[in-house]
Amino acid sequence: MQRNLSDENAAQKNPIERTGPTPLPMHLMAGMNVAGDDGLSLSMIEGVKKYRAHPFFRQLAPLPVVWQAGEVTLSFCAGASLPRRDDKPSVLIVPSMINRSTVLDILEERSFVRWLASKGADVFLLDWGMPVNDPGQQSMASIIEERLLLAVAYVADKNNAPVHCVGYCMGGTLLAQAAMRDAGHMAALCFLAVPWDFHAGDKRLAGQVALGTPAAMQMMATENKLPARWVQSVFAVVNSDRVAQKFSKFAMLDDESFEARLFVAVEDWLNGGLDLPEAVGRECLIDWYGKNSLQEQYKSRTLGRPSLVVSPQRDRLVPVESALALCAHLSSYETLTPSCGHVGMMTGRNAEQEVWLPVLEWLFHCA
């Protein structure tokens, strides 16, 4: 039976008023400049209008929170009991800090977390909350020592065994550094589109970060944080040629289709970016992107745990070369280079076959 989204949402007020895509003027200018013809430009504008007025809002029941430190929480999704499976792994997933963890649990039908649990894994999902409001997230060092390592230790202690850790994007960069300091609470490590060498591969994002750093420094000096709107502006420029295409395609979708609901949920997640504490923002821009400091800081360090490095071929935010550079610090590893993009590896129609299933099989193999 087809769902009627208008009726489903009629009884309640929309939880947010959409103003995105954020920043709207930059998206429109970038999209129309690349679109080239009036027809594509007009369809893109129609897609943006349709997104802003769409009746669907993600209302997936939240997973129960089982641990909290400051703003950081761990939610739990119990693994299904499956016949002939007595090697159930416990998995801790660490998302990026620039967005909420929602992309890993975006919709019932496209949730990496709930899918892993349905296949027998006990899954703990970390969420950073609002980093600027958390005393324990005011520097990279405190994030790792006072938040991430404590979360890992909680899961390991709860299960009386080391935990398998999965890091997505910046979450994986933090996870790798935490693993260098771990006292035996981590078992296997999986890195999903994780930047490590910030000067390797495609220079589009690194170039835009360099161009925008002076403006970011001014913002941080006056606002004491790196605003999400700055990060979103950089990403909009890097992906400008895809803006017109994606909104034009969305304009043609049936409002009540799964594809339309997924598009809206992902766009809402993208537009709900998080501000970063000033010191964290400075380290990202000056040390990571500017000085490529992780290469020097960890050049003689090696992780002895089994590891899987997943680097999507169509990822513009984390070039393949940047992600695979982490392998130099891994004594035992496998690599996977699926034909998808940075967000598509979590939400795309081929995500399950190209990314989720290989990751699941690897996790059970390591259990």
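Located above this text is the structure these notes cover.
Residues numbered from 1 in each chain as written. Predicted model: local features only at pLDDT ≥ 70, side-chain atom pairs only at ≥ 80, totals over all residues. Heavy atoms only, no water.

**Some points on the overall build of the protein chain**
Part 1 of the argument: When its secondary structure is counted, the protein chain shows 15 helices and ten strands.
Part 2 of the argument: Whereas a compact globule of 367 residues would reach a radius of gyration of roughly 21 Å, the protein chain reaches 20 Å, a difference of no more than 12%.
Part 3 of the argument: Principal-axis analysis of the C-alpha atoms gives the protein chain an extent of 55 × 55 × 35 Å.
Part 4 of the argument: Put simply, 80% of the contacts in the protein chain that link residues at least 6 apart link residues at least 24 apart.
Part 5 of the argument: Entry remark: accessible area of the protein chain is about 15,800 Å², with carbon and sulfur atoms responsible for 52%.
Part 6 of the argument: Taking the average place of the 33 positive charges on the side chains of the protein chain and the average place of its 40 negative ones, the gap between the two points comes to 1 Å. (Helix = DSSP H or I, 4+ residues; strand = E, 2+ residues; numbered from the N terminus. Rg over C-alpha atoms; globule rule 2.2 N^0.38 Å. Contact = heavy atoms within 4.5 Å. Areas by Shrake-Rupley, 256 points an atom, 1.4 Å probe, with all protein chains shown as cover. Lys, Arg positive; Asp, Glu negative; His and termini not counted. Charge placed at Lys NZ, Arg CZ, Asp CG, Glu CD.)

**Some thoughts on empty space enclosed by the protein**
Where empty space is left in the structure can be found by rolling a water-sized probe over the atoms.
Part 1 of the argument: Taken as a whole and assessed by the stated rule, the structure comprises one cavity of 30 Å³ or more.
Part 2 of the argument: Computed from the structure, the largest cavity encloses a volume of approximately 80 Å³.
Part 3 of the argument: When its residues are assigned to classes, the lining of the largest cavity shows nine nonpolar, one polar and two charged. (1 Å grid on protein atoms, 1.4 Å probe; cavity = no way out; pocket = protein on both sides within 12 Å on 5 of 7 lines; lining within 4 Å. Points joined across faces, edges and corners; volume = space filled by probe spheres on them. Nonpolar A, V, L, I, M, F, W, Y, C, P; charged D, E, K, R; others polar.)

**Focus: the packing of aromatic side chains**
Aromatic ring pairs are defined here through the distance separating the ring centres and the angle between the ring planes.
Part 1 of the argument: Scanning all chains against the criterion turns up eleven aromatic pairs.
Part 2 of the argument: Consider the rings of Phe112 and Trp356, whose centres lie 5.6 Å apart with planes at 50 degrees: the pair is tilted. Highlighted residues: Phe112 in helix H4 (residues 112–118) and Trp356 in helix H15 (residues 351–366), separated in sequence by 244 residues. Across the pair, Trp356 and Phe112 agree in class, each one buried.
Part 3 of the argument: By way of ring pairs, the aromatic residues Tyr51, Phe247, Phe250 and Phe263 are connected into one cluster.
Part 4 of the argument: Over the face of the ring belonging to Phe250 we find Lys50, whose NZ or CZ atom lies 5.1 Å from the ring centre.
Part 5 of the argument: Here the basic side chain of Arg261 rests over the ring of Phe56, its NZ or CZ set 5.7 Å away from the ring centre. (Phe/Tyr/Trp six-rings, centres within 6.5 Å; stacked < 30°, edge-to-face > 60°. Buried < 20%, exposed > 50% of the residue type's maximum accessible area, 1.4 Å probe, protein only. Lys NZ or Arg CZ within 6 Å of the ring centre and 35° of its normal.)

**Here we look at the environment of Pro306**
Part 1 of the argument: With respect to the helices, strands and loops of the structure, Pro306 is situated in strand E9 (residues 303–310).
Part 2 of the argument: Residue classification places Pro306 among the partly exposed positions, given a relative accessible area of 36%.
Part 3 of the argument: Sequence spacing of Pro306 and Arg147 is 159 residues, and the spatial spacing of their C-alpha atoms is 23 Å.
Part 4 of the argument: When neighbours within four sequence positions are excluded, Pro306 is seen to be in contact with Ala187, Ala188, Leu189, Ser332, Trp362 and Cys366.

**Focus on the layout of surface pockets**
Part 1 of the argument: For the second largest pocket, the calculated volume is near 520 Å³.
Part 2 of the argument: Lining the second largest pocket are 22 residues, with Arg58, Arg100, Ser101, Thr102 and Asp127 positioned closest to its centre.
Part 3 of the argument: Elements represented by at least two residues in the lining of the second largest pocket include exactly strand E2 (72–77), strand E4 (122–127) and helix H10 (258–271).
Part 4 of the argument: Considering each element in turn, the lining of the second largest pocket owes the most residues, three residues, to H10.
Part 5 of the argument: Grouping the constituent residues of the lining of the second largest pocket by class yields eleven nonpolar, six polar and five charged.

**A closer look at the packing of helix H9 (residues 240–251) against H10**
Part 1 of the argument: Between H9 and H10, the least distance of the axes is 10 Å, while the angle of their chain directions is 140 degrees. When the axes of H9 and H10 are compared, the pair comes out oblique. As H9 runs across H10, the sense of the crossing is left-handed. Contacts from Lys246, Phe247 and Phe250 of H9 reach H10 at Ala260, Phe263, Val264, Glu267 and Leu270.
Part 2 of the argument: For the contact of H9 with H10, the residue count by class is six nonpolar, no polar and two charged. (Axes fitted to C-alpha atoms, helices over the stretch in contact; angles between N-to-C directions. Parallel < 35°, antiparallel > 145°, perpendicular 65-115°, else oblique. Left-handed = near helix turned anticlockwise from the far one by under 90°.)

**Re the environment of Phe56**
Part 1 of the argument: Along the chain, Phe56 falls in the loop between helix H3 (38–53) and strand E1 (65–69).
Part 2 of the argument: Given the relative accessible area of 5%, Phe56 is considered buried.
Part 3 of the argument: Sequence separation between Phe56 and Ala265 is 209 residues, and the spatial gap between their C-alpha atoms is 8.1 Å.

**What to know about the pattern of salt bridges**
Part 1 of the argument: Scanning the model with the defined rule gives 18 salt bridges in all.
Part 2 of the argument: Among the ionic pairs, Asp255 bridges to Lys50, the shortest N-O distance being 3.2 Å. In this pair, Asp255 sits in the loop between H9 and H10 while Lys50 sits in helix H3, placing the two residues 205 residues apart along the sequence.
Part 3 of the argument: Owing to a relative accessible area of 16%, Lys50 belongs among the buried residues under this scheme.
Part 4 of the argument: A salt bridge links Lys225 to Asp275, with the shortest nitrogen-to-oxygen separation between them at 3.0 Å. With Lys225 in strand E7 (residues 225–226) and Asp275 in the loop between H10 and strand E8 (276–277), this residue pair connects regions lying 50 residues apart in the sequence.
Part 5 of the argument: Here Lys225 falls in the partly exposed class, since its relative accessible area comes to 24%.
Part 6 of the argument: Via salt bridges that share partners, Arg58, Asp105 and Arg114 belong to a single interconnected network. (Salt bridge = Lys/Arg side-chain N within 4 Å of Asp/Glu carboxyl O.)

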